[in-house]
Number of protein chains: 2
Amino acid sequence: MSADPISRRDVSDATVARLPEYLRTLSRLAERGVSCVSSAELASAVGVRSAQLRKDLSRLGSYGVRGVGYEVETLAVEISRVLGLTRDWPVAVVGMGNLGHALASYPGFATKGFRVVALFDDDPGLVGEQVGGVVIRPFAELPARVRSDRIAIGVIATPAAAAQAVGEALAAAGVRSILNFAPASIAVPAAVDVRRVDLSTELQILAFHAQRRTYAAPLSGAVAR
Amino acid sequence: MSADPISRRDVSDATVARLPEYLRTLSRLAERGVSCVSSAELASAVGVRSAQLRKDLSRLGSYGVRGVGYEVETLAVEISRVLGLTRDWPVAVVGMGNLGHALASYPGFATKGFRVVALFDDDPGLVGEQVGGVVIRPFAELPARVRSDRIAIGVIATPAAAAQAVGEALAAAGVRSILNFAPASIAVPAAVDVRRVDLSTELQILAFHAQRRTYAAPLSGAVAR
């Protein structure tokens, strides 16, 4: 596969963060049999301004057709390619408590090219268990597995106290992309890209909107304290 | 508690989406004992442009002090108030598989005013089990519990097939804010605010950056297919 010139362009972090949202909306439209969508319709479905959407997509080289809009399938493929989703990303999950189990069997990963190929935990009660066809292994086997399975992304699903050591081990084993679900910051070498997921972020956004409604209609279920 | 004039201002969805990020960064700074931060430092820690940060915060009425910056604690309290986090939000989780268990015991919720007060599942093997001090109850008890516990937010953690029925039941019971972790869209009355969480979104953003690095250094672990 040759280098894709699109990926070399300067696409801002803010645009990248919106691309999965665009892609999800396009997938929903495709499921409903919609083949063409105007920038105004797509922007409204995603919840961004139309000018923002057109600007984001023009960065990818997609300008749509005046008076017609964007071809849903073509645009979805294009965004997938920019996001790297037309490739295969072997993923390891470290920490096989409830969250690790949920992530290891999350149906949304596989459909986007994220293949969970390795699971790790040091709890003897978990080692050997199969989740989604993958056997949980002792954490000491991480370096060997990163090499043999060419693991590209490490997911940390441990308690907060273990997150730093796991991050360091992933980095030392050569993993360059880490998704951290543990409620703790981790420090890793600059060459490693860490994204932290806070599951309460979306609740905070919901609370903002609920609070705004409460002032308009004080019968909401929220309780002032 | 009187209506907060800040919440009546026109704060854009994009700004609201960044506020939890600002708050998380401010909390980390406060933990480290930092009492004052410049807009440039804060913007860099969050990963937004400095002008964007100043614009967002000015919408909340926070302008900082020229040459000094923002007081970390003051700004954190202000953002918390705008987001409604200084109030109490009783939360119900529906679907107590691995993801439901993980969410019910997620440490990040309680610290932000999201109190998980009710858990539901129809699996007889789960009903009666305690998670984080809350007993799992049959789903039929939802309407009574929404009233007695004044549940403000419903979290759907069921498989895709059950999500629509659960969303309808939550809406019928009077819940006006729904966080949907199930990998399926749900249709609810317009008065109900639904946010869908796709756990693969952050993986997609990581993949974008990893792919960009791969073109620069073709020894990445990612495998073209």
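Residues numbered from 1 in each chain as written. Chains lettered and ligands numbered in written order. Predicted model: local features only at pLDDT ≥ 70, side-chain atom pairs only at ≥ 80, totals over all residues. Heavy atoms only, no water.

A. Up close: the overall build of chain A. Secondary structure assignment for chain A yields 10 helices and nine strands. Along the first, second and third principal axes, the C-alpha atoms of chain A reach 60 × 60 × 35 Å. A burial count over chain A gives 51% of its 225 residues as buried. Here chain A holds 25 positive side-chain charges and 21 negative ones, and the gap between their average locations is 7 Å. (Helix = DSSP H or I, 4+ residues; strand = E, 2+ residues; numbered from the N terminus. Buried < 20%, exposed > 50% of the residue type's maximum accessible area, 1.4 Å probe, protein only. Lys, Arg positive; Asp, Glu negative; His and termini not counted. Charge placed at Lys NZ, Arg CZ, Asp CG, Glu CD.)

B. The arrangement of the interface of chain A and chain B in detail. Contact residues are listed per partner, giving 75 residues for chain A and 75 residues for chain B. For Glu 202 of chain A, the salt bridge identified is with Arg 195 of chain B, shortest N-O distance 2.4 Å. It is helix α10 (residues 201–216) of chain A that provides the largest number of residues to the side of chain A that touches chain B, a total of 15 residues. Class assignment of the residues belonging to the side of chain A that touches chain B gives a composition of 38 nonpolar, 17 polar and 20 charged. (Contact = heavy atoms within 4.5 Å. Salt bridge = Lys/Arg side-chain N within 4 Å of Asp/Glu carboxyl O. Nonpolar A, V, L, I, M, F, W, Y, C, P; charged D, E, K, R; others polar.)

C. Region of interest: the side chain of Gln 52 of chain A. By secondary structure assignment, the location of Gln 52 of chain A is in helix α4 (residues 50–59). With residues near it in sequence (within four places) discarded, Gln 52 of chain A still touches Arg 18 and Tyr 22 of chain A.

D. Unusual backbone geometry, seen in detail. Positive phi, close to 50°, is recorded for Arg 150 of chain A, a residue that is not glycine. Within the element layout of this structure, Arg 150 of chain A appears in the loop between α8 (142–148) and β7 (153–156).

E. Fine view of the sheet that holds strand β9 (residues 193–196) of chain B. Residue and element names in this part refer to chain B. Taken in spatial order, the seven strands of this open sheet run β5-β6-β4-β3-β7-β8-β9, and their pairing is mixed. Each having just a single partner strand, β5 (130–131) and β9 make up the two edges of the open sheet. Strand direction decides the pairing type here: strand β3 (residues 89–94) and strand β7 (residues 153–156), joined by four bridges, are parallel. Following the sheet pairing, Val 91 is matched in β7 by Ile 153. The sheet strands contacting helix α9 (residues 160–172) are β3, β7 and β8 (177–180), and the helix crosses β7 at an angle near 170°. (Pairing = 2+ DSSP bridges. Axes fitted to C-alpha atoms, helices over the stretch in contact; angles between N-to-C directions.)

F. Fine view of the domain arrangement of chain A. Taken domain by domain, chain A comprises domain 1 (5–83) and domain 2 (89–196). Computed from C-alpha coordinates alone, the two centres of domain 1 of chain A and domain 2 of chain A are separated by 31 Å. (Domains from an automatic or database assignment.)

G. A positive patch on the surface, seen in detail. The grouping of Arg 49, Lys 55 and Arg 59 of chain A together with Arg 49, Lys 55 and Arg 59 of chain B at the surface amounts to a positive patch. Where the positive patch is concerned, the elements lending two or more residues are α4 of chain A together with α4 (50–59) of chain B. Mapped onto the elements, Arg 49 of chain B comes out in the loop between α3 (39–46) and α4. (Patch = residues over 30% accessible without salt bridge, like charges linked within 9 Å, V, L, I, M, F, W, Y side chains within 5 Å. Areas by Shrake-Rupley, 256 points an atom, 1.4 Å probe, with all protein chains shown as cover.)

H. Just the pattern of salt bridges, in detail. Residue and element names in this part refer to chain B. Applying the stated criterion to the full structure yields 14 salt bridges over all chains. Two residues, Asp 56 and Arg 18, come together in a salt bridge whose shortest N-O distance is 2.6 Å. Note that Asp 56 is positioned in helix α4 and Arg 18 in helix α2 (residues 13–31), a separation of 38 residues in sequence. When its relative accessible area of 1% is taken as the criterion, Asp 56 is described as buried.

I. Broad picture of the nonpolar core. Ranked by size, the top nonpolar core spans 106 residues in total, and within it Ile 79 and Leu 199 of chain A together with Ile 79 and Leu 199 of chain B carry the most contacts. Discounting chain neighbours no more than four positions away, the residues touching Leu 199 of chain A are Leu 99 and Phe 181 of chain A together with Leu 103, Tyr 106, Phe 109, Phe 181 and Leu 199 of chain B. (Core = buried A, V, L, I, M, F, W, Y, C linked by side-chain atoms within 4.5 Å.)

J. Fine view of helix α5 (residues 72–83) of chain B. Residues and elements named next belong to chain B. With 12 residues, α5 ought to run about 16 Å at 1.5 Å a step, and its terminal C-alpha atoms sit 16 Å apart, in line with that. Buried residues of α5: Val 72, Leu 75, Ala 76, Glu 78, Ile 79, Ser 80, Val 82 and Leu 83, and no others. Remark: Gly 84 follows α5 within two positions and exhibits a positive phi of approximately 85°. (Expected span 1.5 Å × (residues − 1).)

K. The arrangement of the relation of the copies chain A and chain B in detail. The transformation that overlays chain A on chain B combines an axial shift of 0.0 Å with a rotation of 180°, and the residual RMSD is 0.1 Å. Viewed as a symmetry operation, the transformation between the two copies matches a two-fold axis. Looking at the rotation axis and the C-alpha trace of chain A, the residue lying nearest is Asn 98 of chain A, at 2.4 Å. Comparing interface residues between copies, 100% of those in chain A also sit at the interface in chain B, which points to an isologous, same-surface contact. (Least-squares fit on C-alpha atoms with pLDDT ≥ 70 in both.)

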